[in-house]
Amino acid sequence: MHKITLIPGDGIGPEVVKPALDIIKTAGVKIAWDSHLAGTEALKKHGTTIPRALMDSFDKTKVALKGPVTTPVGEGFSSVNVELRQTFTLYANLRPIKNLPGVKARYQNVDLVVVRENTEGLYSGIEHEVVPGVMESLKIITEKASTRIAKFAFEYARKNGRKKVTAVHKANIMKLTDGLFLDCARKMAQKYKRIAFSDIIVDNACMQLVLDPLQFDILLLENLYGDIVSDLAAGLVGGLGLVAGANLGEHHALFEPVHGSAPDIKGKGIANPSAMISAAIMMLHHIGERAAANRIDAALEKVLWRGDCVTRDLGGTATTKRFAEAIIKEIER
């Protein structure tokens, strides 16, 4: 039996986590879940957004499945996501962007992967007030982290039959920070001669993604650019409700949907659990439960393809529960 840390999150988090757990159980995977609060709910109960018990659990299990957690805008506590990534050195954020059958999207046949450096850049969170009315935020780029994420991208390409890695940067303006990131990517490319390499300025990359996303295979980005570009890319295949991500380190792995906690629809039973289910599929592959992962993936695709039992954001009328039940029936066939 697998022991895995569970972080239900807040907002619609628990509403999309439950069906994912039910689906995993139906697929026959035995997991002992160690559940812990984080974010606003943890702050209310424990006085901290990331309780020590959660940290200890994740440190022990090495694997976590996490629902969305609210991050206040412009005030309040720091991002739970950022703190977990930095504390456990979850340096690689992996976000596959791919069309799902039956889902209307601006493009079809999109199949790209966003590889985002997850521990530094402007998300280092080093900010201070210089003088009243003037704030400063430091962008930290190191050779170690840039080399590490570049190697991850090329290794992922090698292991998964990918043909090309494209580094995304703004080295024409930020010649030292982004220049270092790009230089590390170029040096790593020299060690992987069979994988094509190119680089592109981030603003042009956004335009090119909108014009023709099929031209890209793996996008390699520093932290902030990766966050922005991965959301843009999700919009090309139907939206954030369909995309999951993995936060990977040398020893720990955390899987989650990329969408937010959507407090405006909390408790209405209409949230789309597809991204949460996709995160669970990624987690199952990671722990070696590939057969179960493939069964869930096939069932999800069948339900989406039929389109007769999908949530409102996908043009249907199904509740979160009914959508999940349709997937469970497919697994049980």
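Model, not experiment: these values are computed from the prediction.

Quick notes on the rules
- Once a new chain begins, its residue numbering starts again from 1 and follows that chain's sequence as written.
- Residue-level local features of this predicted model are given only where pLDDT is at least 70; pairs of side-chain atoms are given and counted only at 80 or more, and the full residue set underlies all totals for whole chains, interfaces and linings.
- Computation of side-chain values covers all heavy atoms of the structure but excludes hydrogens and water.
- Helix and strand labels come from DSSP, where a helix needs a run of H or I of at least four residues and a strand needs a run of E of at least two; each type is numbered from the N terminus.
- Helix span, expected: 1.5 Å multiplied by one less than the number of residues in the helix.
- Only protein chains enter the accessibility calculation, which uses a 1.4 Å probe; a residue whose area is less than 20% of its type maximum is buried, one above 50% is exposed, and one in between is partly exposed.
- What the arc describes is the spread of directions from the helix axis to the C-beta atoms.
- Here, residues are in contact when the closest pair of their heavy atoms is within 4.5 Å.
- Two strands are counted as paired when DSSP detects at least two bridges linking them.
- Convention used here: a crossover is right-handed provided that the path from the first strand, over the helix, to the second strand proceeds clockwise when the strands point away from the viewer.
- A cavity here means a set of points on a 1 Å grid, drawn over the protein atoms and nothing else, where a 1.4 Å probe fits but cannot get out; a pocket is an open set with protein on both sides within 12 Å along at least five of seven lines, and a residue lines either one if it has an atom within 4 Å of a point.
- Grid points are joined across faces, edges and corners, and a volume is the space filled by probe spheres set on the points.

### Some remarks on helix 10 (residues 290-306)
Since the α-helix turns once every 3.6 residues, residues separated by three or four places project in the same direction. An ideal rise of 1.5 Å per residue puts 24 Å on 17 residues; helix 10 measures up with 24 Å between its terminal C-alpha atoms. All of the buried residues in helix 10 are Ala292, Ala293, Ile296, Ala299, Leu300, Val303 and Leu304. Buried residues in helix 10, looked at end-on, bunch into an arc of 130°, giving them a common side. Opposite the buried face of helix 10, at more than 90 degrees from it, the exposed residues are Ala291 and Trp305. Elements in contact with the buried residues of helix 10: helix 1 (13-26), helix 9 (274-286) and helix 11 (320-332).

### Overview of helix 7 (residues 202-211)
Of the residues making up helix 7, those classed as buried are Val202, Ala205, Gln208 and Leu209. Down the axis of helix 7, the buried side of the element spans an arc of 110°, and every buried residue falls inside it. At its buried positions, helix 7 is contacted by strand 5 (111-117), strand 8 (164-169), strand 9 (196-201), strand 10 (218-221) and helix 8 (223-236).

### Regarding the pairing of strand 5
Of all seven residues in strand 5, six are buried, a share of seventy percent or more. Pairing between strand 4 (residues 92-98) and strand 5: seven bridges, direction antiparallel. Paired with Asn93 across the bridge in strand 5 is Arg116. Pairing geometry for strand 5 and strand 10, over four bridges, is parallel. By the bridge assignment, Val114 is partnered in strand 10 with Leu219.

### Considerations on the pairing of strand 1 (residues 2-7)
When strand 1 meets strand 2 (residues 31-35), the two strands line up parallel, connected through five bridges. Directly across from His2, in strand 2, lies its bridge partner Ile31. Handedness of the β-α-β unit built from strand 1, helix 1 and strand 2 comes out right-handed. Across three bridges, the pairing between strand 1 and strand 3 (residues 63-66) is parallel. Bridging from a neighbouring strand, Ile7 pairs with Lys66 of strand 3.

### Quick look at the environment of Ile287
Tracing the chain through its elements places Ile287 in the loop between helix 9 and helix 10. Take Ile287: its relative accessible area is 17%, and that puts it in the buried class. Separated by 283 residues in the primary sequence, Ile287 and Ile4 have C-alpha atoms spaced 9.9 Å apart. Apart from the residues lying within four places of it in its own chain, the contact partners of Ile287 are His2, Ile4 and Val63.

### Some thoughts on empty space enclosed by the protein
With the rule as written, the count across this model stands at one cavity of 30 Å³ or more. Approximately 30 Å³ is the volume found for the largest cavity. As for the largest cavity, its lining consists of Val82, Arg85, Gln86, Arg116, Asn118, Thr119, Glu120, Tyr123 and Asn223. In terms of residue count, the dominant contributor to the lining of the largest cavity is helix 4 (residues 80-87) (three residues).

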